[in-house]
Structures are given as structure tokens and as C-alpha cells.
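The chain contents come next:
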Amino acid sequence: MALSPSAALSRMIRRLRHSLRIQLLAWIMVTLAGVVSFNLYAGLRQARETATLVTDQMLLGSARMIAEAVRVDAGGNMEVDIPPAALEIFDTGFGDRVYYRVTSVWGSLVSGYVDLKSPDIEREGQDILFRNTSLRAMTLTHPVVGLGPDGAVSVTVAVTRFSQQAMRTDLWFSDFNDQILLVIVAGLVTVFGLQRGLAPVLRLRDAVRQRRRDQLEPFDEQLVQRELRPLVAALNDYMTRVQGQMAAQRRFVANAAHQLRTPLTLLATQASFAARENDPSRREEALQALVRSTRQATRLAEQLLTLTRAEPGSRAPRADRIDMTAVARQVLEAHAEQALRKNIDLGLEAEGEAIVIGDGTMLREMVVNLVDNALRYTPDGGRVTVNVRGTDDRILVSVDDNGPGIPEAERHQVLERFYRIMGTQAEGSGLGLAIVKEVVEGAGGTVTLGTSDGGGLHVEVKIPAAN
């Protein structure tokens with residue numbers, strides 16, 4: 001089925017849009033077409049000027065031969081025998097007709113056509129109209145021997161323009177053929193050059209296709225030309241990020257499988273026990289335990305997800321303007337009920353706004369884990385204080401409690417995932433401080449552990465301040 005012109009044009013445009021080879025070839029050919037068009041236009045002008053110059057030289061030669069043939073007889077009268085060569089010079093096979101007029105300096109006709117008009121400027125060719133025919137004419141004034149110092153003759157020669165036009169056409173078509181041959185050769189060389197030039201890209205394509213799904217090693221940048229090496233570098237960088245994300249995903253799956261196995265088993269056991277228990281009080285006790293276990297499993301799942309999001313490369317980088325004082329206040333308000341249940345004095349000390357640039361969600365999770373960790377390990381009736389202050393280039397967020405603290409020998413280890421101090425009674429997964437470390441390092445800051453004034457844990461976070 002034949003395509004309509006519009007459908008064929010649309011199909012061609014789609015192919016042009018999706019093919020680099022066709023686009024490059026099209027741009028090169030369009031450029032060549034523009035250059036050839038300009039050359040042909042310039043060639044047409046040059047051919048016209050050349051044909052006109054040749055015709056004018058022939059007219060000048062013919063007029064000079066006629067003028068030199070003028071003689072003065074014994075009675076002082078001028079006479080002329082037109083040399084055959086003066087007319088035969090225009091016999092080029094195109095049927096041109098020649099007209100001439102010879103007049104004395106006093107205006108009397110010596111020979112030729114009396115109504116033939118002379119050009120306005122001597123020795124310069126001019127197009128004239130004679131008997132409804134376009135002619136090229138030239139006038140020459142030449143002295144005549146025997147008429148004295150002022151004696152001269154004016155010779156006008158005109159010829160039809162068939163030979164001139166034919167010469168112009170031949171010259172232009174000769175240039176046209178050369179230009180078309182140039183375009184054809186350039187097109188062939190371009191196609192060949194594109195094929196050779198795109199060969200490294202095709203090799204890169206084949207190398208990508210041959211890779212297994214789990215094979216993410218970087219490609220050799222020497223595989224392609226220098227101009228395409230940034231593309232290979234970007235591809236390698238992308239694969240590095242994919243490797244990081246896949247590693248984070250594998251770690252998350254492994255951690256989730258390991259950490260959720262025990263809580264889920266406990267949930268199943270408690271649910272089964274509650275279902276079998278007939279004593280209402282013991283059933284209620286089992287259900288309360290089930291609720292606590294469910295809450296712990298939920299918190300563990302949330303921490304695992306937060307830890308995965310905090311890992312480098314797992315989220316698109318964000319640059320929010322965050323007031324850490326406002327974040328700390330919101331977190332403390334959310335944990336006020338938990339503090340009241342344990343009769344803990346939960347307070348905030350701040351010196352106004354403390355602006356940083358970063359991921360607002362993750363920075364809030366950092367403060368949540370710091371406060372939650374402090375509340376879990378602080379005994380009933382204790383104290384937890386959050387302090388936010390700024391320096392010239394840093395924002396400091398610290399949390400102090402009067403709990404058991406962390407021995408100095410283990411402070412580095414508690415920042416690792418799932419590490420818990422032996423003998424700890426408080427419920428926890430060992431992920432809180434690990435999450436804090438990941439978030440702070442992702443924000444370009446540092447976290448240090450120490451001892452608070454009350455003998456508990458002092459956690460200090462330093463994050464670059466917004467400019």
C-alpha cells in the first residue's frame with residue numbers, strides 16, 4: 001500500500017529524529033547543498049561575465065578590423081571594404097547575425113545600417129534593441145590616414161546574443177556538473193566516514209548487550225573516541241551508583257531477614273498462646289505482650305527502611321533549607337507522651353534559628369533516633385536534654401541523658417549496625433546510632449560520643465551551616 005505524501009514525510013522525520021547516522025548525514029548534505037547553491041549562483045554570474053567579456057573582445061576586434069579597412073580616395077571621400085574576417089569572427093554555429101555602421105567624424109554614413117544605434121560609451125559593450133532584437137554592441141573611434149589630424153571614423157558593431165547565451169550556459173553547466181560530482185563524492189565519503197566513525201559506538205553497544213545483568217564493571221574509555229569518552233565515564237559512574245544501590249538492597253534484604261525473623265516468630269507464638277488461653281486476665285496479658293511486640297517489629301521495620309534510605313546513592317540528593325531548632329522542637333513534641341510515661345524531664349535548649357542545607361526528612365529521622373535512643377536508655381524520673389546552637393560554619397545538635405552511658409571502649413562499635421552492649425535491658429535493635437551516623441555523614445558532618453554531666457551518654461552532631 002503506497003503511503004500518502006504527508007505520511008511519507010512523517011515517517012522520514014521520525015527516522016531522522018531517531019537515527020544519529022541519518023541526522024549527521026542530513027546536516028552534512030544540507031550544508032553541502034547550501035555551499036553548492038551559492039557556488040552555482042556565483043558560477044552563473046561568473047559565466048555571464050565571462051561570456052560577455054569574450055563577446056565584447058570579439059566586437060572590439062571586429063570594429064578595429066573594419067576601422068583599419070577605411071580608405072580615402074583621390075577625391076577625399078572615405079570608402080571601406082568590409083573585411084570578411086570582421087564578420088566571420090562571429091560565425092560560431094549559433095546563427096548570430098552581425099550589424100555594423102561606419103560614420104565619419106562629421107556624422108555622414110560611410111557604410112552599414114543607418115538606424116543602428118551606437119552605445120553611450122566608447123569601447124564598452126552595451127546591450128541595445130535593434131529592430132526588436134536584443135544585440136550586444138560596441139563603438140570604436142579610429143583615425144583615418146589622409147584626413148588630417150582631426151580625421152577619424154566611428155565604427156559600431158553589434159551582434160545577436162545567441163552565441164553569448166550558449167557560452168554562458170555551457171560554462172554554467174560545466175560548473176554545475178563539477179558541483180554535483182563534488183556532492184556525490186562528498187556524500188559517499190561522508191557515509192563511509194560515518195560508518196568508520198560510529199564503529200566504536202557500535203562496539204560499545206555490543207559490549208553493553210553482552211554484559212550479564214549482574215556484571216557492572218566499568219567499560220574501558222579507550223573503547224571510543226576522545227569526544228565520546230565523557231559518555232563512557234557517565235555510563236561507568238551510573239553503573240557505580242547502580243552497584244551501590246544493589247549492594248544497599250542486598251544489605252537491606254539480609255538485615256531485614258535476619259532482624260525480623262525473631263520478632264515475627266515471637267508474634268506468632270504470642271498470638272497462638274493468646275488464642276489458646278481461656279483465662280481472661282492471662283489472655284489480656286498475652287494480647288498486651290502481642291501489642292508491644294508488634295510495636296517493636298514496626299519500629300524495627302521503620303529503622304531498617306530509614307537506614308536503607310540514609311545510605312549513599314539510595315536517594316536523589318536534596319538541598320532543603322532546614323531549621324534544626326524547629327526540627328528538634330517538633331521531634332520533642334512527638335515524643336512528649338513517651339517521656340511522660342517514664343516521668344522523664346525532656347527539654348530543649350536553643351539559641352534561635354540553626355539553618356543547614358540537606359535532606360529534611362533524613363535530618364528529622366536523625367533527631368528522632370537520637371531522642372528515641374536517649375528515652376529508651378534513660379531510667380524513670382531521669383532527664384533528656386536536646387541542645388541546638390550554631391557557630392560561624394557549623395550547627396551543633398547534642399543530646400544528653402543521665403542513663404547508663406556507653407563505655408569508652410565501645411563507643412566506636414555502637415555506631416555500627418545491630419551492635420548492642422552486653423547486659424543492656426532496654427528494648428532496641430542496635431540501629432538508632434547507626435542511622436544517625438549514616439545521615440550525618442551524608443550531610444557532610446560528624447558525630448561524636450562522650451559522657452554527659454549527669455553521667456549518661458552525650459551525643460554531639462556537627463553539620464555544616466548554610467551560607
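Residues numbered from 1 in each chain as written. Predicted model: local features only at pLDDT ≥ 70, side-chain atom pairs only at ≥ 80, totals over all residues. Heavy atoms only, no water.

## Considerations on the pairing of strand S13 (residues 446-451)
- Judged from the six bridges that link them, S13 and strand S14 (residues 457-464) form a sheet pairing that is antiparallel. In the sheet register, Leu449 faces S14, and the bridge partner there is Val459. (Pairing = 2+ DSSP bridges. Helix = DSSP H or I, 4+ residues; strand = E, 2+ residues; numbered from the N terminus.)

## Observations concerning the packing of aromatic side chains
- Enumeration over the complete set of coordinates arrives at seven aromatic pairs.
- Their ring planes at 70 degrees and their centres at 5.2 Å tell us that Tyr99 and Tyr113 sit as a pair that is edge-to-face. Of this pair, Tyr99 sits in strand S3 (residues 98-104) while Tyr113 sits in the loop between strand S4 (109-112) and strand S5 (126-130), and the two are 14 residues apart along the sequence.
- Residue Tyr99 is classed as buried on the basis of its relative accessible area, which comes to 6%.
- For Tyr113, a relative accessible area of 26% corresponds to the partly exposed category.
- Ring centres 5.2 Å apart and planes at 80 degrees place the aromatic pair Trp172 and Phe173 in the edge-to-face group.
- On the accessibility criterion, Trp172 (21% relative accessible area) is partly exposed.
- Note on Phe173: relative accessible area 43%, which makes it partly exposed.
- By the ring-pair criterion, three or more aromatic residues cluster together here, those being Tyr99, Tyr100, Tyr113 and Phe130. (Phe/Tyr/Trp six-rings, centres within 6.5 Å; stacked < 30°, edge-to-face > 60°. Buried < 20%, exposed > 50% of the residue type's maximum accessible area, 1.4 Å probe, protein only.)

## Considering the pattern of salt bridges
- The full count for this structure, using the stated rule, is seven salt bridges.
- Residue Arg136 pairs with Asp56 through a salt bridge whose shortest N-O separation is 2.8 Å. Placement of Arg136 in strand S6 (residues 133-143) and of Asp56 in helix H2 (residues 20-68) is noted, with a sequence separation of 80 residues between them. The same class applies to Arg136 and to Asp56, which are both buried.
- Notably, a salt bridge pairs Glu337 with Arg341, separated by 3.8 Å at the nearest N-O pair. Here the residue Glu337 and the residue Arg341 both occupy positions in helix H9 (residues 336-341), the gap between them amounting to four residues, near one helical turn.
- Three or more residues joined by partner-sharing salt bridges are found here, namely Asp56, Asp127, Arg136 and Arg161. (Salt bridge = Lys/Arg side-chain N within 4 Å of Asp/Glu carboxyl O.)

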